[in-house]
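Chain by chain, the residues run as shown.
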Amino acid sequence: QVQVMESGGGLVQAGGSLRLSCAASGRIFMVNDMGWYRQAPGKQRELVAIIKGGGTTNYADSVKGRFTISRDNAKNTVYLQMNSLIPEDTAVYYCNAEVKRSIWSGLLDYWGQGTQVTVSS
């Protein structure tokens, strides 16, 4: 099995910073894309940032210039550095990992359980 676990959420004032971490563990041959998504109350889950296996990154327009995604391939871990936080960033943040479990298997998506980020005004 594969487990994906996020950490680092919490309560912060507007203008502050938080760093989220997410580690994939278990039966893993290779981790391809890793990404962060978020879901605010009453809204659909949306992509925040994604980092490809080769290191290419993409960001939602709403977080460009404020958030930075990075990864440590040796640890199957992805990070999200969030600066200049605003109340609209309040949401549950979910980590996604695209995992190949063996040399013969295809890529499967695995999700973490989410971590709450709350930005107060």
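These figures come from a predicted structure and were not determined experimentally.

The rules we used
Here the residue numbers are simple positions, counted from 1 along each chain's written sequence. Residues qualify for local features only when their pLDDT is at least 70, as the model is predicted, and side-chain atom pairs are given and counted only at 80 or more; totals for whole chains, interfaces and linings, by contrast, use all residues. With hydrogens and water set aside, each side-chain value is computed from the structure's full complement of heavy atoms. Two joining distances apply to patches: 9 Å for like charges and 5 Å for nonpolar side chains (Val, Leu, Ile, Met, Phe, Trp, Tyr), and every residue must have over 30% relative accessible area and no salt bridge. Here, Shrake-Rupley sampling with a 1.4 Å probe gives the accessible areas, and only protein chains in the shown set may cover a residue. Note on definitions: salt bridges are taken to be side-chain nitrogens of Lys or Arg within 4 Å of carboxyl oxygens of Asp or Glu. Here a helix means four or more residues in a row that DSSP labels H or I, a strand means two or more in a row labelled E, and each is numbered from the N terminus. Categorising residues by exposure relies on relative accessible area from a 1.4 Å probe, with only protein chains included: less than 20% of the type maximum marks a residue as buried, more than 50% marks it as exposed, and the intermediate range marks it as partly exposed. The pairing criterion for strands is at least two bridges between them, as found by DSSP. Angles shown run from 0 to 180 degrees and are taken between the N-to-C directions of axes, each axis being a line fitted to C-alpha atoms and, for helices, limited to the stretch in contact.

Draft legend 1. Expanded view of a nonpolar patch on the surface. A grouping of Phe29, Met30, Ile103, Trp104 and Leu107 is seen on the molecular surface, where their side chains present a nonpolar patch of about 590 Å² in accessible area. Mapped onto the elements of the fold, Trp104 is located in the loop between β9 (91–100) and β10 (107–111). Given a relative accessible area of 78%, Trp104 falls into the exposed group.

Draft legend 2. Main features of the sheet that holds strand β3 (residues 18–26). Read across the sheet, four strands follow the order β1-β3-β8-β7 without closing on themselves; strand pairing throughout is antiparallel. Unpaired on one side and paired on the other, β1 (2–7) and β7 (67–72) mark the two borders of the sheet. Neighbour-to-neighbour, the strand axes of this sheet turn through a mean angle of 15°, independent of strand direction. Where β1 meets β3, six bridges bridge the pair, whose relative direction is antiparallel. Looking across to β3, one finds that Glu6 is bridged to Cys22.

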